[in-house]
Protein chains: 2
Amino acid sequence: MKYVDFVDQSYKPKTTDVICDFYVEPDGLSLTEAAGGVAAESSVGTWTELTTIKPYVEKLAARVFSIDGNNIRVAYSIELFEHGNMPNILSSVAGNVFGLRALKNLRLNDIHLPRELVQSFKGPKYGVTGIRKLLGVKDRPLVGTIIKPKLGLKTNDHTKVAYDAWVGGCDIVKDDENLSSQRFNPFDDRVVATLEMRDRAEEETGEKKVYMVNITSETKEMIKRAQFVQDHGGKYLMIDILTCGFSALQTIREQDFGLVIHAHRAGHAAFTKNPKHGISMKVIAKVARIIGVDQLHVGTVVGKMSETQEEVSENCEALRTELDGLRNVLPVASGGLYPGLVPALMSFFGNDFVIQAGGGIHGHTEGTVSGAMAMRQAVDATLHGVSLTEYAETHKELQEALEIWK
Amino acid sequence: MKYVDFVDQSYKPKTTDVICDFYVEPDGLSLTEAAGGVAAESSVGTWTELTTIKPYVEKLAARVFSIDGNNIRVAYSIELFEHGNMPNILSSVAGNVFGLRALKNLRLNDIHLPRELVQSFKGPKYGVTGIRKLLGVKDRPLVGTIIKPKLGLKTNDHTKVAYDAWVGGCDIVKDDENLSSQRFNPFDDRVVATLEMRDRAEEETGEKKVYMVNITSETKEMIKRAQFVQDHGGKYLMIDILTCGFSALQTIREQDFGLVIHAHRAGHAAFTKNPKHGISMKVIAKVARIIGVDQLHVGTVVGKMSETQEEVSENCEALRTELDGLRNVLPVASGGLYPGLVPALMSFFGNDFVIQAGGGIHGHTEGTVSGAMAMRQAVDATLHGVSLTEYAETHKELQEALEIWK
């Protein structure tokens, strides 16, 4: 089979097919050939004719069934993939194809898995409903903070910052993506001490508080750490899903701890930032949801991260759209956020999301408690349709926050 | 601390520092600010001043110690990282930084880990020396094939192709990166049947033969599959290290099976292809070596993959240069190779590498046996300093191969 044999625009995809949308820029080939090349190399084809091909194999060829400018759609028989094996699926549709010399650029923009494949994974255990139930927060956005400085704080100082954030009004305290078990703040000590502070903050505020502790490490160590969190009364764990990888994420989900999984996407922009090459964050969001995370960072629209509004919308859509009965994943906005941005964030995200602010809380001149208060005040004002400047007249923490970050 | 506080060109890195080389293109900042931003966001800083910073934390700040055009070098205190935790290291130096709005492009071009961190990982168990000993091949390149068509062959046809390749002269038969345990060719059956063929081929040829079986899947399943391979007398396993991820790779290495680890890099070009953004393959090569793979795909210089000669050189260098006593990793050239390319490959790679050809063997008009013979003949000719056209006069398989692929 030649590359062009993988193009069949009359093909009507079956409900059992995997469908991938790619953006393709050929280098020295026609678009049709390049499109066929993508379908070939990600299914049963290669660059030359084979003596070992069989008619029953040719039937499994992926088909380019749509070419629209540089955007192509490819349908793959479900037979090509192993059930319940996400790395296997990605090795086909997001593997060697990116490196082909015949392509100047290639981007996997979307992926659709058929029900049978989706259901071979666990999906989110808690999702939005489970998280709201756990936290007892019915309809406002959740407010979270990241302990800052992101690295270096000793355990005692770490727990102090956590406590301040909680009593100020944060629902969530989270480790930063690169805190794991360094000598200055070892994992076990941190979990025990921070959860003690959580208990104190819960008692004092009458609110439910959660600590998202970062277990990112080698798989068996992650399992051990997750077990430790569960044994000590934690409710959440956090994983850097891309630097760990999907095998380990799947392993943690399949261990089926009684813990909400918060997914951090550190490193995604290495391959999502270029609109013409790589993999879209939307694809990663779908993959993470299917494997079974409960929360995922999706960008901020405003703030220090670079995604466009359209991209962030698509990421959210991937977490929220009906997907073979999977629970919805809670989107997390994080990166350069502060109280003044809350109205814009809520107008974009609605109420079902986490506003996560690190510097925008701990950078408050009066400290972390006031920073957290200001953030909750901004959320309350927006929920009640009051402008921040008006609300700030009677809420000095918000007033100060609005003066610090303009 | 502001971003610029992370720049100190008078700083002399310590032998215990982690050092990263980045290419930086700012978007709206000066290069110095952008450089400082990279160091800040990958160590203890953020976009705003913090009330929670401590003097003892400021001492841990990463430092930009060199700025040369758009190329910067950053030194990180070893204290910032957890020993034996590769995802943690990458979450710092190859994490959020790629997504900063203030950077148009950012590429991690090189990474240097200090001895203490390197030695917290296992490194290659076999490496080049161990592999040569296992195969009993002293000084020529190893010749491998990938079973093609890459997906779809039923187990019986798969093993037939494997047998033909071995008796024709291949040392190695390998699964393709997206073959795992699909219904048409389930893992356990395939391992058993292919290893039987290996035994037959060894007996008939008097040569040692190996089968690199792809265990890519969820971590516990990978461990199970690796154990199965070992229990059935296999000597190698293959992992798609990027679609699986580094946690799982580390887990497999730490299980310490008596199996050589062949690392496939499917998906790398999603983030390595753009010379201005993402992560270089050289970094991935170092990371994989430190964790402990024995063989790694590094590009082909010639063939269907897009890397430049310089990039492939750097990848090889990462596998071969002295690195705190770690064993050398065997580079694998794979992708669009055929016998006519062997002299160019050997002149570039030397003798310590694997020439892996799929289509370039199974596409031989006389079939796989002849394809494998032609490839071994091309290697023999080049080893003896004879031109392929001259050698082909007395070797018809090579003669035919030279006619098919020009």
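Here the structure is shown first, and the text comes after it.
Let us look at the structure shown here. The residue numbers shown here count from 1 along each chain, following its written sequence. Throughout, the order in which chains and ligands are written sets their labels, letters from A for the former and numbers from 1 for the latter. Side-chain atom pairs in this predicted model are given and counted only at pLDDT of 80 or more, local residue features only at pLDDT of at least 70, and totals for whole chains, interfaces and linings cover all residues. Water and hydrogen atoms were dropped before computing side-chain values, which therefore reflect all heavy atoms in the structure.

Turning our attention to the overall build of chain A. Going along the chain from the N terminus, every DSSP run of H or I of four or more residues is numbered as a helix, and every run of E of two or more is numbered as a strand. When helices and strands are tallied, chain A shows 18 helices and 13 strands. Two things to know: the radius of gyration comes from C-alpha atoms, and the globule rule equals 2.2 Å times the number of residues to the power 0.38. Over its C-alpha trace chain A gives a radius of gyration of 23 Å, about what one expects of a compact globule, namely 22 Å for 406 residues. If you line up chain A on its principal axes, its C-alpha atoms span 75 × 45 × 35 Å. Only protein chains enter the accessibility calculation, which uses a 1.4 Å probe; a residue whose area is less than 20% of its type maximum is buried, one above 50% is exposed, and one in between is partly exposed. Counting over 406 residues, chain A shows a buried share of 66%. Long-range pairs, those at least 24 residues apart, make up 75% of the contacts in chain A with a sequence separation of at least 6. Only the protein chains shown count as cover for residues, and all accessible areas are computed by the Shrake-Rupley method using a 1.4 Å probe. Roughly 13300 Å² of accessible area belongs to chain A as shown, and the carbon and sulfur atoms make up 47% of that amount. Just so you know, the count uses Lys and Arg for positive and Asp and Glu for negative, and it drops His and the chain ends. One atom stands in for each charge, and that atom is NZ of Lys, CZ of Arg, CG of Asp or CD of Glu. For chain A, the distance from the average position of its 45 positive side-chain charges to the average position of its 52 negative side-chain charges is 2 Å. Every residue pair with non-hydrogen atoms within 4.5 Å of one another is taken to be in contact.

The next subject is the pairing of strand 1 (residues 18-26) of chain A. All names here are of chain A. For strand 1, a buried count of 8 out of 9 residues is recorded, marking the element as mostly surrounded by other parts of the structure. Where strand 1 lies against strand 3 (residues 71-76), 6 bridges are found, and the strand directions are antiparallel. When the sheet's bridge partners are listed, Phe 22 is paired in strand 3 with Ile 72. Should DSSP find at least two bridges between two strands, the strands are taken to pair. In terms of strand pairing, strand 1 meets strand 4 (residues 103-112) through 8 bridges, oriented antiparallel. Across the sheet, the residue bridging to Cys 20 is Ile 111, located in strand 4.

Another point: the layout of surface pockets. All names here are of chain B. Of the grid points, spaced at 1 Å and generated over the protein atoms alone, those admitting a 1.4 Å probe that cannot get out make up cavities, while open sets with protein on both sides within 12 Å along at least five of seven lines make up pockets; any residue with an atom within 4 Å of a point is treated as lining. Grid points are joined across faces, edges and corners, and a volume is the space filled by probe spheres set on the points. Empty space within the largest pocket amounts to approximately 560 Å³. What lines the largest pocket is a set of 28 residues, and nearest its centre among them are Arg 107, Thr 272, Lys 273, Pro 275 and Glu 311. No other element matches helix 13 (residues 309-320), which puts 4 residues into the lining of the largest pocket. Side-chain classes follow a simple rule in which Ala, Val, Leu, Ile, Met, Phe, Trp, Tyr, Cys and Pro form the nonpolar group, Asp, Glu, Lys and Arg form the charged group, and the remainder, Gly included, forms the polar group. Grouping the amino acids of the lining of the largest pocket by side-chain chemistry returns 4 nonpolar, 12 polar and 12 charged.

A few words on the relation of the copies chain A and chain B. To line up the copies, we fit them by least squares on C-alpha atoms, keeping just the residues with pLDDT of at least 70 in both. Here chain A sits on chain B after a turn of 180° about the axis and a move of 0.0 Å along it, with an RMSD of 0.0 Å. Interpreted geometrically, this transformation is the action of a two-fold axis. Within chain A, Gly245(A) has its C-alpha nearest the rotation axis, a separation of 1.8 Å. Both copies present the same face, since 100% of the interface residues in chain A are matched by interface residues at the equivalent positions in chain B.

This paragraph deals with the sheet that holds strand 6 (residues 172-174) of chain A. Residue and element names in this part refer to chain A. Here we have 8 strands rolled up into a closed barrel, ordered 5-6-7-8-9-11-12-13, and parallel in their pairing. Here the average twist between neighbouring strands, direction ignored, is 25°. Where strand 11 (residues 295-297) and strand 12 (residues 330-334) come together, 3 bridges link them in parallel fashion. Along strand 12, the bridge assignment pairs His 297 with Val 332. Only the contacting stretch of a helix is used when fitting its axis, a line to C-alpha atoms as for every element, and angles between N-to-C directions run 0 to 180 degrees.

On to the packing of helix 8 (residues 219-231) of chain A against helix 10 (residues 246-255) of chain B, then. One way to put it is that helix 8 of chain A packs onto helix 10 of chain B with a least axis distance of 7 Å and a crossing angle of 105°. With respect to helix 10 of chain B, the axis of helix 8 of chain A lies roughly perpendicular. In this structure, helix 8 of chain A uses Thr219(A), Lys220(A) and Met222(A) to contact helix 10 of chain B, whose residues at the interface are Ser247(B), Ala248(B), Thr251(B) and Gln255(B). By residue class, the composition of the contact of helix 8 of chain A with helix 10 of chain B is 2 nonpolar, 4 polar and 1 charged. Orientation is classified from the angle alone, with under 35 degrees giving roughly parallel, over 145 giving roughly antiparallel, 65 to 115 giving roughly perpendicular, and any other angle giving oblique.

Structurally, Ser42(B) can be placed in the loop between helix 1 (31-41) and helix 2 (55-58). Residue classification places Ser42(B) among the buried positions, given a relative accessible area of 0%. Contacts described as polar in this section are N or O atom pairs within 3.5 Å, which, within protein, must combine one atom able to donate a hydrogen with one able to accept it, while residues neighboring in sequence count only if both atoms come from side chains. In this structure the side chain of Ser42(B) is engaged in a polar contact, spanning 2.6 Å, whose partner is the backbone oxygen of Val38(B). Engagement of the side chain of Ser42(B) in a polar contact is seen with the side chain of Tyr76(B), the distance being 2.8 Å. Once you skip the residues sitting within four places of it in the chain, Ser42(B) turns out to touch Asn178(A), Tyr76(B), Ser92(B), Val93(B) and Val97(B).

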